[in-house]
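# Inside the fold
One-letter residues, chain by chain:
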Amino acid sequence: MSAAVAVKVEGLSLFAQPYDLSAAGFHFDTMKEYKAKAAKHVNVYGQAVEEYEIDLVDGKALEVVLFNAVKPNQSTLSAFFEAVETWDDDDIVRACIVYGDGLNTCQFDEYSPSDDVAQDLAIYENVTFTELAEQFVDDGLLGEIPEHLSHYIDYEAFGRDLSYDGYTAIDVAGTQYIYHAG
């Protein structure tokens, strides 16, 4: 068994708030620090404190959105730290969408960026529904459009239809996305 390595994610700060009203909470920045503090944490009567609500104090925008989407607790906290330490931004955005919009019901510690739910998402960054409709036409989704008829396509109406057809707009950490769960 290898020793746990404390990897500090720059700017990430959390707080463990005990459910025990006779105990004070504590701040932590790594999973190793959380485990060390929780292992010796006692209330004013000297009894071990066992249950905490985990609160986010500070973090980068994507970390904040991921935290709010997955709502880590004691059992999923290590999975949250692993995600922010090792996943790339695309994996985090996919998890934010999957959990933020309720596309996945499994607990976060059972989730992986390679899950079918995450991989089946078609994600389009920084586009409006109208721009996505234009992109789809340019990509040939409607087949070959003769040049003399291309001026008659109502891209706004096509974009509205996309929004009724399972395409969803979402803001993740200030970036606009449109996604479709395949």
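Residues numbered from 1 in each chain as written. Predicted model: local features only at pLDDT ≥ 70, side-chain atom pairs only at ≥ 80, totals over all residues. Heavy atoms only, no water.

This paragraph deals with the side chain of Ser150. Looking at where Ser150 falls in the secondary structure, it is placed in the loop between helix H6 (129-138) and helix H7 (155-164). Those residues in contact with Ser150 that sit more than four places away from it in its chain are Ile145 and Tyr155. (Helix = DSSP H or I, 4+ residues; strand = E, 2+ residues; numbered from the N terminus. Contact = heavy atoms within 4.5 Å.)

For the rest of this paragraph, the subject is the sheet that holds strand E1 (residues 13-18). What the 3 strands build is an open sheet, ordered E2-E1-E3; its pairing is antiparallel. Each edge of the sheet is formed by a strand with only one pairing partner; in this case those strands are strand E2 (26-28) and strand E3 (52-58). Between one strand axis and the next, the sheet turns through 30° on average, direction left out of account. Note that E1 and E2 share 3 bridges and pair antiparallel. (Pairing = 2+ DSSP bridges. Axes fitted to C-alpha atoms, helices over the stretch in contact; angles between N-to-C directions.)

Our focus in this paragraph is the environment of Glu50. Residue placement: Glu50 occurs in the loop between helix H1 (31-39) and E3. For Glu50, a relative accessible area of 62% translates into the label exposed. As for Glu50 and Gln74, which are separated by 24 residues in sequence, their C-alpha atoms are 9.7 Å apart. (Buried < 20%, exposed > 50% of the residue type's maximum accessible area, 1.4 Å probe, protein only.)

We now examine the nonpolar core. Counting residues in each nonpolar core, the largest one holds 39 residues, and the members touching the most others are Leu14, Phe28, Tyr34, Ile54, Leu66, Phe80 and Phe108. Considering every element that reaches this core, the biggest residue donor is helix H4 (residues 89-100), with 7 residues. Discounting chain neighbours no more than four positions away, the residues touching Phe108 are Leu66, Val70, Thr76, Ala79, Phe80, Ala83, Trp87, Ala95 and Tyr99. (Core = buried A, V, L, I, M, F, W, Y, C linked by side-chain atoms within 4.5 Å.)

Under the criterion given, the structure shown has 15 aromatic pairs. Consider the rings of Phe67 and Phe80, whose centres lie 5.5 Å apart with planes at 80°: the pair is edge-to-face. Of the two residues, Phe67 sits in helix H2 (residues 61-70) while Phe80 sits in helix H3 (residues 77-86), which places them 13 residues apart along the sequence. Classification of Phe67 by relative accessible area gives buried; the value is 8%. Here Phe108 and Tyr111 contribute two aromatic rings whose centre-to-centre distance is 6.0 Å and whose plane-to-plane angle is 15°, an arrangement assigned as stacked. Classification of Phe108 by relative accessible area gives buried; the value is 3%. According to the relative accessible area criterion, Tyr111 is buried, its value standing at 7%. Three or more aromatic residues joined by ring pairs make a cluster, and in this case those are Phe26, Phe28, Tyr34, Tyr52, Phe67, Phe80 and Phe81. (Phe/Tyr/Trp six-rings, centres within 6.5 Å; stacked < 30°, edge-to-face > 60°.)

For Lys71, which is not a glycine, the phi torsion comes out positive at approximately 45°. As for its position among the elements, Lys71 is in the loop between H2 and H3. Residue classification places Lys71 among the exposed positions, given a relative accessible area of 60%. One non-glycine residue, Asn126, lies in positive phi territory at about 55°. By the secondary structure assignment, Asn126 is in the loop between strand E4 (121-125) and H6.

This brings us to the pattern of salt bridges. Evaluation of the coordinates by the stated rule reveals 2 salt bridges. Across the pair Glu33 and Lys37 runs a salt bridge, and its minimum N-O distance is 3.0 Å. Here Glu33 pairs with Lys37, and both are found in helix H1, just 4 residues apart, close to one helical turn. Residue classification places Glu33 among the partly exposed positions, given a relative accessible area of 27%. As a salt-bridge pair, Asp90 and Arg94 come within 3.2 Å of each other at their nearest N and O atoms. Of this pair, Asp90 and Arg94 both sit in helix H4, separated by 4 residues, roughly a single helical turn. For Asp90, a relative accessible area of 41% corresponds to the partly exposed category. (Salt bridge = Lys/Arg side-chain N within 4 Å of Asp/Glu carboxyl O.)

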